[in-house]
Amino acid sequence: MLLLHVEQIYISRTMTSLANKLERESASMKDSEKWYNMIHKVHPSLRAVNEKEYEPSLVSIGPYHHGSQNLQEMEKYKVRMLHLLLVRTKKSLENYMEFMRGIKEEALRYYASDIMMDGDKFVEMMIVDGCFILEFLRTVREKPNRDKFIFNMNLLMPDIFRDLVLFENQLPLSVLSKLFELTKAETETFAQLINEFVKHFCVHYIGEKEEPSLDTDEIKNSQHLLHLVYLACNRSSARKKPKEYTIYDVGALTKIGTERNFQFIKSATTLVEFGVVFKKAEKGAKLRDITFTKNGGVLKIPQLMISDRTETIFRNLVAYEKYIENSDFTDYLFFMDCLINSPKDVELLRHRGIIENMLGDDEYVSLMFNKICSYVVTEISTDSDFDELCQDINEYSARRLNKWMAKLWHQYFSSPWSFISVFAAFVLLGLTTVQTVFSIISYTNPKQS
């Protein structure tokens with residue numbers, strides 16, 4: 001009887017604990033329409049391909065990498081910056097602590113993994129990291145100032161920018177927005193500060209030729225800095241609403257399940273042999289504004305700058321996209337991966353102005369694209385622009401006449417010398433034909449000749 005009573009107590013406590021967990025989860029879902037768009041840790045299968053591209057090299061932001069031994073040097077600079085901010089705003093640390101305690105639960109709900117930090121420790125981290133980000137963005141806007149930052153800004157800026165867009169290295173944008181209100185100058189707005197960050201990042205680290213700008217609603221509904229970069233990079237002049245999806249393991253180029261086969265395209269060098277002409281898209285085109293003209297076989301692709309930060313940025317954008325209901329950016333990388341199979345493909349695209357290789361190593365760029373989508377499952381809509389684009393390219397390259405014309409042009413008209421040789425051959429053939437005709441006339445009508 002006693003054993004039965006103990007068992008009933010255990011079951012009751014277990015049910016109570018489970019009920020509490022369900023209640024907290026329900027509250028979290030009610031508090032945010034986009035409860036599923038949280039700050040996750042990178043999936044192990046993605047991390048295993050190139051772990052260092054997801055890890056901060058200089059500064060930790062948020063709880064996931066807080067306390068990492070190799071990032072401690074930067075912690076003292078963050079505290080110094082907080083001190084300067086307190087002096088400038090004439091507020092005490094307790095003002096910030098009290099304010100942040102009020103939004104601590106909201107901030108915690110953004111993180112998908114459990115945070116092993118006590119309440120005030122988490123609040124302190126949010127204040128130090130949040131104020132560091134805001135002061136860093138202000139310094140970028142106002143141009144580097146050594147006295148303000150207390151370290152060599154020009155040297156460390158690229159590493160800081162890199163670390164600020166890592167998927168696991170994020171603070172909720174709502175926290176930054178609220179901290180901004182405590183620290184802002186009279187004429188300063190949060191939207192202006194954020195847009196300065198987005199413009200600087202996209203121009204210097206993505207290679208955008210025109211400065212992107214996000215509207216107030218986009219900023220208000222964004223989750224973190226990486227989300228802002230994603231919105232800026234993932235724009236297109238026109239998109240169709242997806243209907244049916246084809247799911248692929250992009251890394252292995254293996255179809256997982258679909259009612260209709262998606263048509264993979266050939267590499268860039270092979271497509272040239274089939275008559276496809278590669279051209280750089282007009283200035284102002286976004287990354288995904290890729291077009292193909294079926295009549296002339298012209299494939300226009302916006303220019304893409306490749307630097308030593310590109311792989312990190314792309315990998316973290318893909319990691320983020322896996323947790324939202326979209327795969328547009330992954331589809332773009334998948335398309336580029338199809339075009340690039342070897343350094344020769346990179347060389348061709350570089351000569352056409354489509355790839356701006358800041359590294360000078362075509363083999364590195366080729367390997368990057370070949371590996372960047374490894375172990376990534378993407379959903380390519382069978383009604384999307386990329387699906388239709390690949391169909392059009394494959395239909396064009398399947399025509400025998402286009403292949404023959406491409407070979408003719410490649411062999412005989414690809415350089416001035418080959419053109420001169422062909423022209424000379426035609427002139428010689430013409431003269432020989434004329435001479436033959438006159439010889440025949442002479443033979444058949446000797447009197448007339």
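Residues numbered from 1 in each chain as written. Predicted model: local features only at pLDDT ≥ 70, side-chain atom pairs only at ≥ 80, totals over all residues. Heavy atoms only, no water.

Visitor: Any chance you could explain the overall build of the chain here in plain terms?
Guide: Within the chain one finds 20 helices and 8 strands. Split into buried and exposed, the 449 residues of the chain put 45% on the buried side. Partitioning the contacts of the chain with sequence separation of at least 6, the portion at a separation of at least 24 is 71%. When the accessible surface of the chain is split by element, carbon and sulfur atoms take 55% of a total near 24200 Å². (Helix = DSSP H or I, 4+ residues; strand = E, 2+ residues; numbered from the N terminus. Buried < 20%, exposed > 50% of the residue type's maximum accessible area, 1.4 Å probe, protein only. Contact = heavy atoms within 4.5 Å. Areas by Shrake-Rupley, 256 points an atom, 1.4 Å probe, with all protein chains shown as cover.)

Visitor: When you look at the environment of leucine 173 in this model, what are you seeing that I'm missing?
Guide: Relative to the helices and strands, leucine 173 is located in helix α9 (residues 173-183). With relative accessibility at 2%, the residue leucine 173 sits in the buried group. Separated by 46 residues in sequence, leucine 173 and isoleucine 219 place their C-alpha atoms 8.5 Å apart. Look past the residues within four positions of leucine 173 in its chain and what remains in contact with it is Phe190, Ile194, Ile219, Ser222, Gln223, His224, Leu225 and Leu228.

Visitor: I keep staring at the nonpolar core and nothing clicks. Help me out?
Guide: Buried together is how nonpolar side chains tend to be arranged in soluble globular proteins. Counting residues in each nonpolar core, the largest one holds 110 residues, and the members touching the most others are Phe278, Leu299, Phe329 and Phe335. No other element matches helix α6 (residues 119-142), which puts 13 residues into this core. Excluding anything up to four places from it in sequence, phenylalanine 329 contacts Tyr230, Cys233, Asn234, Leu287, Phe314, Leu317, Val318 and Glu321. (Core = buried A, V, L, I, M, F, W, Y, C linked by side-chain atoms within 4.5 Å.)

Visitor: I would appreciate a short explanation of the pairing of strand β5 (residues 298-301) in the present structure.
Guide: Successive side chains on a regular strand alternate, one facing one side of the sheet and the next facing the other. In this structure, strand β3 (residues 277-280) lies alongside β5, joined through 4 bridges in parallel fashion. Across the sheet, the residue bridging to lysine 279 is lysine 300, located in β5. As paired strands, strand β4 (residues 291-293) and β5 are joined by 3 bridges and run antiparallel to one another. Considered in β5, the bridge of threonine 291 is made with lysine 300. The antiparallel pairing of β4 with β5 creates a hairpin that spans 4 residues between the two strands, and glycine 297 there sits at a positive phi of about 70°. (Pairing = 2+ DSSP bridges.)

Visitor: So what exactly am I meant to see when it comes to the packing of helix α15 (residues 328-339) against helix α17 (residues 362-372) here?
Guide: To describe two helices that pack against each other, one gives the angle between their axes and the distance between the axes. Closest axis-to-axis distance for the α15/α17 pair is 9 Å, and the angle between their directions is 130°. Judged by the angle between their axes, α15 and α17 are oblique. Regarding α15 and α17, the two cross each other, and that crossing is left-handed. For the pair α15 and α17, the contacting residues are Leu333, Met336 and Asp337 in the first and Phe369, Asn370 and Ile372 in the second. Of the residues belonging to the contact of α15 with α17, the class tally is 4 nonpolar, 1 polar and 1 charged. (Axes fitted to C-alpha atoms, helices over the stretch in contact; angles between N-to-C directions. Parallel < 35°, antiparallel > 145°, perpendicular 65-115°, else oblique. Left-handed = near helix turned anticlockwise from the far one by under 90°. Nonpolar A, V, L, I, M, F, W, Y, C, P; charged D, E, K, R; others polar.)

Visitor: Looking at this structure, how should I read the environment of alanine 398?
Guide: Here alanine 398 is to be found in the loop between α18 (385-397) and α19 (400-412). Alanine 398 gets classed as exposed once you look at its relative accessible area, which sits at 58%. Placed 123 residues apart in sequence, alanine 398 and glycine 275 show a C-alpha to C-alpha distance of 9.7 Å.

Visitor: I'm lost on helix α14 (residues 310-321) in this one. Help?
Guide: An α-helical turn contains 3.6 residues, so any two residues separated by three or four positions project in the same direction. A rise of 1.5 Å per residue sets the reference length of α14, with its 12 residues, at 16 Å; its end C-alpha atoms lie 16 Å apart and thus fit the reference within 8%. Of all the 12 residues making up α14, 12 are buried; the element is thus mostly covered by neighbouring parts of the structure. By the burial criterion, the buried members of α14 are Thr310, Glu311, Thr312, Ile313, Phe314, Arg315, Asn316, Leu317, Val318, Ala319, Tyr320 and Glu321. (Expected span 1.5 Å × (residues − 1).)

Visitor: Where do I start with the confidence of the model for the chain in this structure?
Guide: The predicted coordinates of low-pLDDT regions are not to be read in fine detail. Confidence in the prediction of the chain, expressed as mean pLDDT, is 80, and 72% of residues score 70 or more. By mean pLDDT, the top-scoring element of the chain is helix α16 (residues 343-351) (97), and the lowest-scoring one is strand β2 (residues 254-257) (38). Across residues 30-37, confidence stays below pLDDT 50; counting only partners more than four residues off in sequence or on other chains, it has 11 contacts. (pLDDT = per-residue confidence, 0-100.)

Visitor: Looking at this structure, how should I read α17?
Guide: Where α17 is concerned, the buried positions are Asp362, Val365, Ser366, Met368, Phe369 and Ile372. When α17 is viewed along its axis, its buried side chains cluster within an angular range of 160° and face the same direction. Contacts made by the buried residues of α17 are with β6 (304-306), α14, α15, α16 and β7 (355-357). Between the side-chain oxygen of the N-cap and the backbone nitrogen of glutamate 363 there are 3.1 Å, and the N-cap of α17 in question is aspartate 361. (Arc of directions from axis to C-beta. Polar contact = N/O pair within 3.5 Å; in protein donor to acceptor, adjacent residues only side chain to side chain.)

Visitor: I'm lost on the packing of helix α3 (residues 72-89) against α6 in this one. Help?
Guide: Put simply, α3 and α6 touch, their axes get as near as 9 Å, and they point 75° apart. Taken as axis vectors, α3 and α6 run roughly perpendicular relative to one another. Here Met74, Lys78, Met81, Leu82, Leu85 and Arg88 of α3 lie close against α6, whose contacting residues are Ile127, Val128, Asp129, Cys131, Phe132, Glu135, Phe136 and Arg138. Taken together, the residues of the contact of α3 with α6 break down into 9 nonpolar, no polar and 5 charged.

Visitor: For this particular structure, what's the right way to read the pattern of salt bridges?
Guide: Side chains that differ in sign of charge can pair as their charged atoms come close. One pass over the structure, following the stated rule, counts 25 salt bridges. Close ionic contact of glutamate 55 with arginine 47 constitutes a salt bridge, the shortest N to O distance being 2.7 Å. As a salt-bridge pair, arginine 350 and aspartate 362 come within 2.7 Å of each other at their nearest N and O atoms. Here the residue arginine 350 occupies a position in helix α16, and aspartate 362 occupies one in helix α17, the gap between them amounting to 12 residues. A relative accessible area of 14% places aspartate 362 in the buried class. Residues participating in the shared-partner salt-bridge network are Arg88, Glu135, Arg138, Arg141 and Glu188. (Salt bridge = Lys/Arg side-chain N within 4 Å of Asp/Glu carboxyl O.)

Visitor: Looking at this structure, how should I read unusual backbone geometry?
Guide: Trans peptide bonds make up the majority, and among non-glycine residues the majority have a negative phi. Residue lysine 90 is not a glycine yet carries a positive backbone phi of 55°. Relative to the assigned elements, lysine 90 resides in the loop between α3 and α4 (93-102). Of the residues examined, lysine 90 reaches a relative accessible area of 76% and is grouped as exposed.

Visitor: I'm lost on the sheet that holds β5 in this one. Help?
Guide: Sheet strands pair by backbone hydrogen bonding; their relative direction is either parallel or antiparallel. On the basis of which strands lie adjacent, the open sheet formed by 3 strands has the order β3-β5-β4 and mixed pairing. Because the sheet does not close on itself, it has two edges, and the strands there are β3 and β4. In this sheet, adjacent strand axes meet at a mean angle of 25° when their direction is disregarded.

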